[in-house]
Amino acid sequence: MRPEPGGCCCRRTVRANGCVANGEVRNGYVRSSAAAAAAAAAGQIHHVTQNGGLYKRPFNEAFEETPMLVAVLTYVGYGVLTLFGYLRDFLRYWRIEKCHHATEREEQKDFVSLYQDFENFYTRNLYMRIRDNWNRPICSVPGARVDIMERQSHDYNWSFKYTGNIIKGVINMGSYNYLGFARNTGSCQEAAAKVLEEYGAGVCSTRQEIGNLDKHEELEELVARFLGVEAAMAYGMGFATNSMNIPALVGKGCLILSDELNHASLVLGARLSGATIRIFKHNSSGVHVQVCYIDMQSLEKLLKDAIVYGQPRTRRPWKKILILVEGIYSMEGSIVRLPEVIALKKKYKAYLYLDEAHSIGALGPTGRGVVEYFGLDPEDVDVMMGTFTKSFGASGGYIGGKKELIDYLRTHSHSAVYATSLSPPVVEQIITSMKCIMGQDGTSLGKECVQQLAENTRYFRRRLKEMGFIIYGNEDSPVVPLMLYMPAKIGAFGREMLKRNIGVVVVGFPATPIIESRARFCLSAAHTKEILDTALKEIDEVGDLLQLKYSRHRLVPLLDRPFDETTYEETED
Amino acid sequence: MATATEQWVLVEMVQALYEAPAYHLILEGILILWIIRLLFSKTYKLQERSDLTVKEKEELIEEWQPEPLVPPVPKDHPALNYNIVSGPPSHKTVVNGKECINFASFNFLGLLDNPRVKAAALASLKKYGVGTCGPRGFYGTFDVHLDLEDRLAKFMKTEEAIIYSYGFATIASAIPAYSKRGDIVFVDRAACFAIQKGLQASRSDIKLFKHNDMADLERLLKEQEIEDQKVKLKYKYKARIFLEESLSFGVLGEHGRGVTEHYGINIDDIDLISANMENALASIGGFCCGRSFVIDHQRLSGQGYCFSASLPPLLAAAAIEALNIMEENPGIFAVLKEKCGQIHKALQGISGLKVVGESLSPAFHLQLEESTGSREQDVRLLQEIVDQCMNRSIALTQARYLEKEEKCLPPPSIRVVVTVEQTEEELERAASTIKEVAQAVLL
């Protein structure tokens, strides 16, 4: 069922139950009718906009609505936990219960308290109960399988003791290892070892002083070529790349339009810059119809109002408008609607800052990120930022763009002046892995990894949807959030999966809205089909055990049902 | 039955209408007409008067021109063209193609090309690969990290330590984790940029006191509550002390534990000590140490800790080995101190340049005795000196600042760094070279 290019307008078919699928497609890929029917029957939502064919491929993103009963029960659950929390705090205050956490020194008891009591209420009473699901120490390469050090707690997670056992061969669904470059053997590791021998581990100086090695220049040139931009600059930490460069680009009198789900580093960078920040909505509601317009409408409205009305009280025109978006949002698994954002940016003369932390290497036919995924021109994005941690198996971040931009950052970025440059073996790892992805090392390993990741993504997501879980996000995103909702299930899911030798990441408040806790799977090119099948089997079991199959839109397994009239009636919208 | 009653009520109403006095009817009629008019008249919209028409809005949108994203950078900007170091930035380096002795990188204990450190890092690389592929909370915690935190806590004789993957982010994340809006922070004027950014992110009240001037600090604290000397100040005025020891860790004190050991202060009195591992330890990253009560909080609210990937294990292993070396030869600190003293003395009395900094400090500044009046001119003169020294195989660097962003911008200077690896004669040579060049350029 390959999509075939359609060169002319074509109408969508009217479904048997009378609903019309949205919009026309011009210049786009059109699925053959059988595939369309099966896909429509499968309850997938086609968000193809009518904005003159901006999208060259179908954009399938869905956020199913929280079932009402589940939402109510979740609130009830949190209510019960809060009550118990107050009870426990009361008991601890009156010394009826032993207080486990560290307290202030005797001599400093009458100082102004360092923490607000309420701030810690959530930590003490909710987070502590399920704390064993996070910060699990490992002692091997974070590849497809990982060794976890076993911990035990005899005082309900207040303190941990290491038993000395190591749980070997746990399937790793939590590390950001999209292209499988987290390895301790192979050409990347050998190259890094050689450079380590020659250069040492540290640098002991900043870029502008005497810490600019020839390796850094080589890296930056390579990154620029990889992205298809004029120049690039690399930094030692991905978080710091955002928090130190956004203030260098915008300042007072500028406007930042930031997506509501942006990462903490973007938020911090925006705050430190001193510019005015306005938030536009993300596509996160569970409604199926016309959702594709909402967040872009929100952005467009903000842009219009900003230009027409100017700065809040003085009415002076804004100096610059900067739109901050991410390629893949790691908590939602959604992909930014880049064609629309670029269209808006061009219309309103704003600047675009794209944070590709999770999407570089993971999207696009050759791994060049979200810009290639949508078939757009990298020159349209003013500032392309990304990190080397996820797909390249190293650490650090980069910014790419026009030469003037990079020259300016070389002279004015906080990191170039005050922070140590990248460590040489890390640089070598990035260089080798990037060359591998580009195919410049003479093998086709890079291309295979990118393809393997795309296949794994589609397979995994489809199977999970068939099982009946609520999965958020875009079909092509290797980040797969599986909704848990209830607080007790967060802990239960993490622990049950570890018992079955699978390591998953569970997230709750405050990283997500309070009732939308989830488990997040990060797929990797290193995962083989067997590993995925094992994982899926266990997830299925645990899903039945914990009653996690909330989805009301059952997918018809594509291979089992042949195309016939009844497939139209399968789903209820 | 209901309809009958209704009808009956209706009849009553009509009768009442007939029997009502005329003025009553007229008044009610007017009221009804008024209501009808209000209902159908257009609602009074305040903004309609000042609202722009769609066409005007489009015109405004067309006309608006933003500034260019970045202003153009002049080609001769002093910081635009970096020095390129080929090969490792160790004791003898190749800078811009010239072989020099390194007096510019903060490699105080010479651990950058120590074979033991490299071997430990290599072993770790072979076991774990390079990256950690995740933040500490999500399978990014390696046993190496836990080891390093343990070792640092033991070395500094505190309860707990926490490591960050970037030196700058260490103090910049630690400060906003504790100090929020409504809190007050007393900061030395000469605090480094990372501290300034941390304070900016915290949104607290900042009070600056003059550099190293305890009287000024006291005056400020008195204005808040009241106080006295350093540590005693803390208890009298009930303030907490955060100490930033990036340059003094591994340098001061008998065993290299920093300023607290140097002055013989009980480490428990300091609430938080933050340092980066990029200077004396010749690795990458930073750490904070202190009592568990204080440090544990950062594990959930330190932004640079929770939302960022953890330190690559090979760098953590390098730091552990460096700590081992520091613990095994405590004699190097005395050697370093001596060398600092020596070059400090040797560089006194250069005409045109004055030495700024304590004789204990391995990194000190050479500033112009008399400024030419413009900062740019000063910077250019100093750069001339640096370039000529480089030609004579002494690698130096100017201290770089972001001129527009620093709160209290120090005057331009050349930074000279002393390391354990430099021999006495190299120090002598450096001193004499700087003297000659300074004389040539400044006169």
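Residues numbered from 1 in each chain as written. Chains lettered and ligands numbered in written order. Predicted model: local features only at pLDDT ≥ 70, side-chain atom pairs only at ≥ 80, totals over all residues. Heavy atoms only, no water.

What about the interface of chain B and chain A?
- In this complex, chain B contributes 105 residues to the contact, which on the side of chain A involves 113 residues.
- Of the roughly 9,700 Å² buried between chain B and chain A, counting both surfaces, carbon and sulfur atoms make up 65%.
- Broken down residue by residue, the surface that chain B buries against chain A is led by Trp 64, Tyr 82 and Tyr 139 of chain B, which jointly contribute 11%.
- Between the two partners, chain B and chain A, sit 1 salt bridge.
- Glu 209 of chain A is the partner of Arg 415 of chain B in a salt bridge, and the nearest nitrogen-oxygen pair spans 2.8 Å.
- Counting residues per element, the side of chain B that touches chain A draws most heavily on helix α5 (residues 115-128) of chain B, which supplies 7 residues.
- Its residues assigned to classes, the side of chain B that touches chain A shows 55 nonpolar, 25 polar and 25 charged.
- With 2 bridges connecting them, strand β4 (residues 137-138) of chain A and strand β4 (residues 141-142) of chain B associate as parallel partners. In the strand pairing of β4 of chain B, Pro 137 of chain A is matched with Thr 141 of chain B. (Contact = heavy atoms within 4.5 Å. Buried area = accessible area lost by both parts, 1.4 Å probe. Salt bridge = Lys/Arg side-chain N within 4 Å of Asp/Glu carboxyl O. Helix = DSSP H or I, 4+ residues; strand = E, 2+ residues; numbered from the N terminus. Nonpolar A, V, L, I, M, F, W, Y, C, P; charged D, E, K, R; others polar. Pairing = 2+ DSSP bridges.)

Quick notes on the sheet that holds strand β13 (residues 394-395) of chain B
All names here are of chain B.
- Across the sheet, 4 strands lie side by side as β1-β2-β3-β13; this open sheet has mixed pairing. The open sheet has two edge strands, β1 (85-86) and β13, and neither has a second partner.
- In this structure, strand β3 (residues 98-102) lies alongside β13, joined through 2 bridges in parallel fashion. Each residue of the ladder has a partner; that of Asn 102, found in β13, is Ala 395.

Some remarks on a nonpolar patch on the surface
- A surface patch of nonpolar side chains, amounting to about 560 Å² of accessible area, comprises Met 68, Val 72, Val 76, Val 80, Phe 84 and Leu 87 of chain A.
- Mapped onto the elements of the fold, Val 72 of chain A is located in helix α2 (residues 68-93). (Patch = residues over 30% accessible without salt bridge, like charges linked within 9 Å, V, L, I, M, F, W, Y side chains within 5 Å. Areas by Shrake-Rupley, 256 points an atom, 1.4 Å probe, with all protein chains shown as cover.)

Topic: the nonpolar core
- Leu 464 and Phe 493 of chain A are the most contacted members of the largest nonpolar core, which totals 221 residues.
- The biggest single contributor to this core is helix α15 (residues 313-328) of chain B, with 11 residues.
- Beyond its immediate stretch of four places on either side in the chain, Phe 493 of chain A contacts Leu 484, Val 504, Val 506, Ala 519, Phe 521, Val 542, Leu 546 and Leu 548 of chain A.
- Counting residues in hydrophobic clusters, the runner-up holds 40 residues, among them Ala 419 of chain A together with Ala 169, Ile 175 and Ala 399 of chain B. (Core = buried A, V, L, I, M, F, W, Y, C linked by side-chain atoms within 4.5 Å. Buried < 20%, exposed > 50% of the residue type's maximum accessible area, 1.4 Å probe, protein only.)

Some thoughts on the sheet that holds strand β13 (residues 351-355) of chain A
Residues and elements named next belong to chain A.
- If you trace the 7 strands from one edge of the open sheet to the other, you get β7-β15-β14-β13-β10-β8-β9, paired in mixed fashion. With partners counted over all chains shown, the strands left at the sheet margins are β7 (231-235) and β9 (276-280), one partner each. Sheet twist, expressed as the average angle between the axes of neighbouring strands with direction ignored, equals 20°.
- Bridge count for strand β8 (residues 255-259) against strand β10 (residues 321-326) is 4 bridges, and the pairing is parallel. If you follow Ile 256 over to β10, its bridge partner there is Leu 322.
- Across the face of the sheet, helix α5 (residues 214-227) comes into contact with β7, β14 (383-387) and β15 (397-401) while running at roughly 125° to β7. (Axes fitted to C-alpha atoms, helices over the stretch in contact; angles between N-to-C directions.)

A word on the packing of aromatic side chains
Residues and elements named next belong to chain A.
- Per the stated rule, a full pass over the model turns up 20 aromatic pairs over all chains.
- Each ring, one from Tyr 86 and one from Phe 121, has its centre 4.8 Å from the other, and the planes form 40°; the classification is tilted. Of this pair, Tyr 86 sits in helix α2 while Phe 121 is found in helix α3 (residues 121-127), placing the two residues 35 residues apart along the sequence.
- Judged by its relative accessible area of 48%, Tyr 86 falls in the partly exposed class. (Phe/Tyr/Trp six-rings, centres within 6.5 Å; stacked < 30°, edge-to-face > 60°.)

So, a negative patch on the surface
- Taken together, Glu 230, Asp 377, Glu 379 and Glu 404 of chain A make up a surface patch of like negative charges.
- For Asp 377 of chain A, a relative accessible area of 37% gives the class partly exposed. (Lys, Arg positive; Asp, Glu negative; His and termini not counted. Charge placed at Lys NZ, Arg CZ, Asp CG, Glu CD.)

A word on helix α6 (residues 238-249) of chain A
Residue and element names in this part refer to chain A.
- The terminal C-alpha atoms of α6 lie 17 Å apart, and with 12 residues this matches the ideal 16 Å at 1.5 Å per residue to within 8%.
- For α6, the tally of buried residues reaches 12 of 12 residues, placing the bulk of the element in the interior.
- Within the sequence span of α6, burial applies to Gly 238, Phe 239, Ala 240, Thr 241, Asn 242, Ser 243, Met 244, Asn 245, Ile 246, Pro 247, Ala 248 and Leu 249. (Expected span 1.5 Å × (residues − 1).)

Looking at helix α18 (residues 424-442) of chain B
Residues and elements named next belong to chain B.
- Taking 1.5 Å of rise per residue, 19 residues should cover 27 Å, and α18 covers 27 Å from first to last C-alpha, within 8% of that figure.
- Here α18 has its buried residues at Glu 426, Leu 427, Ala 430, Ala 431, Thr 433, Ile 434, Val 437, Ala 438 and Val 441. Buried residues of α18, viewed axially, fall in a sector of 165°; they line one side. Among the exposed residues of α18, those oriented more than 90 degrees off its buried face are Glu 425 and Ala 440. (Arc of directions from axis to C-beta.)

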